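A closer look at the structure
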Amino acid sequence: QRLVLLSPLHDIGKAGVRDAILLKRGRLTEEELLEMQRHVEYGENLLLGVEWLQDELDMVGLAREIITGHHERWDGSGYPRGLAGDRIPLAGRIVAMADVYDALISRRCYKAPYTREQSRAIMMKGRGTAFDPDLADAFLAVEEDLWKISLAHSDTIDSSEGARP
């Protein structure tokens, strides 16, 4: 329950990234990409102001794990700390998978949505490199349900493509 409640905070640090970068339609320059990656740092810093809210459930600590862990990669090539494997907090590993799947199946200002089949294939290609292999297997087991949920919450559906616009 706490993970579900706090997961939407994963990109809260994007509030500190310039709109020109967030809304850019083309590929980001190296400098823009570095600024975009700082959203993790910005999000973590936002939490420093509410540490006094810590309680027995450690909501702030879990939020920090989500924010700082959702761009780490299983093979250690992610950011901001280059953590690998089990050193990445479980909450971050779970949100990373959800975030990538949502990005794949959703229309963005810079890309059209991938089809369900393409998205599933990309996710499984990341098994053991981008994603925890056990979580990738769990994702595959529930992917159909996730797809149905995404369709139920989509504003429009392109049934000819099987993708969410």
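What this report covers is the structure whose coordinates are included nearby. Because the structure is predicted, anything quoted here is derived from the model rather than measured.

1. Notes on the side chain of Ser 106
By the element assignment, Ser 106 lies in the loop between helix H6 (90-105) and helix H7 (116-125). In terms of polar contacts, Ser 106 uses its side chain to reach the backbone carbonyl oxygen of Asp 102, at 2.7 Å.

2. Concerning H7
Where H7 is concerned, the buried positions are Arg 116, Ser 119 and Met 123. Buried residues in H7, looked at end-on, bunch into an arc of 65 degrees, giving them a common side. Where H7 is buried, its residues contact H6 and helix H8 (133-152).

3. Side note on the packing of aromatic side chains
The final tally for this structure, using the stated rule, is 1 aromatic pair. An angle of 70 degrees between the planes, with centres 5.0 Å apart, marks the rings of Tyr 101 and Phe 139 as edge-to-face. On the criterion of sequence distance, the pair formed by Tyr 101 in helix H6 and Phe 139 in helix H8 is long-range, its members being 38 residues apart. By the burial criterion, Tyr 101 is buried, and Phe 139 matches it.

4. Focus on the pattern of salt bridges
If you walk through the whole model with that rule in mind, you get 14 salt bridges. Salt-bridge contacts for Arg 81 lead to Glu 44; the nearest nitrogen and oxygen are separated by 3.0 Å. Here the residue Arg 81 occupies a position in the loop between helix H5 (59-69) and H6, and Glu 44 occupies one in helix H4 (residues 39-48), the gap between them amounting to 37 residues. In this structure, Asp 102 and Arg 108 form a salt bridge, with 3.2 Å as the shortest nitrogen-oxygen distance. For Asp 102, a relative accessible area of 32% gives the class partly exposed. Each member of the salt-bridge network shares a partner with another, and the members are Glu 44, Arg 64 and Arg 81.

5. Structural notes on a nonpolar patch on the surface
Together, Val 142, Leu 146 and Ile 149 make up a nonpolar patch on the protein surface, roughly 230 Å² of accessible area in all. Mapped onto the secondary structure, Leu 146 falls in helix H8. Judged by relative accessible area, which is 32%, Leu 146 ranks as partly exposed.

6. Observations concerning the layout of surface pockets
Rolling a probe over the atoms, with the probe sized like a water molecule, indicates the empty space that remains. Here the largest pocket is characterised by a volume of approximately 1,300 Å³. Around the largest pocket, the lining is made up of 32 residues, and of these Leu 33, His 71, Tyr 79, Ala 103 and Tyr 110 lie nearest the centre. The element contributing the most residues to the lining of the largest pocket is H6, with 5 residues. In terms of residue class, the lining of the largest pocket is made up of 17 nonpolar, 6 polar and 9 charged. As a volume, the second largest pocket reaches approximately 570 Å³. Looking at the second largest pocket, it is lined by 20 residues, and the ones nearest its centre are Met 97, Ala 98, Asp 99, Tyr 101 and Leu 146.

7. Focus: the packing of H6 against H8
H8 packs onto H6 with a crossing angle of 45 degrees between their chain directions and a minimal axis gap of 12 Å. What the angle tells us is that H6 and H8 run oblique. For the pair H6 and H8, the crossing hand works out as right-handed. Seen from H6, the contacting residues are Leu 90, Arg 93, Ile 94, Met 97, Tyr 101 and Ile 105; seen from H8, they are Leu 135, Ala 136, Phe 139, Glu 143, Leu 146, Trp 147 and Ser 150.

Definitions and cut-offs
- Residues numbered from 1 in each chain as written.
- Predicted model: local features only at pLDDT ≥ 70, side-chain atom pairs only at ≥ 80, totals over all residues.
- Heavy atoms only, no water.
- Helix = DSSP H or I, 4+ residues; strand = E, 2+ residues; numbered from the N terminus.
- Polar contact = N/O pair within 3.5 Å; in protein donor to acceptor, adjacent residues only side chain to side chain.
- Buried < 20%, exposed > 50% of the residue type's maximum accessible area, 1.4 Å probe, protein only.
- Arc of directions from axis to C-beta.
- Contact = heavy atoms within 4.5 Å.
- Phe/Tyr/Trp six-rings, centres within 6.5 Å; stacked < 30°, edge-to-face > 60°.
- Salt bridge = Lys/Arg side-chain N within 4 Å of Asp/Glu carboxyl O.
- Patch = residues over 30% accessible without salt bridge, like charges linked within 9 Å, V, L, I, M, F, W, Y side chains within 5 Å.
- Areas by Shrake-Rupley, 256 points an atom, 1.4 Å probe, with all protein chains shown as cover.
- 1 Å grid on protein atoms, 1.4 Å probe; cavity = no way out; pocket = protein on both sides within 12 Å on 5 of 7 lines; lining within 4 Å.
- Points joined across faces, edges and corners; volume = space filled by probe spheres on them.
- Nonpolar A, V, L, I, M, F, W, Y, C, P; charged D, E, K, R; others polar.
- Axes fitted to C-alpha atoms, helices over the stretch in contact; angles between N-to-C directions.
- Parallel < 35°, antiparallel > 145°, perpendicular 65-115°, else oblique.
- Left-handed = near helix turned anticlockwise from the far one by under 90°.

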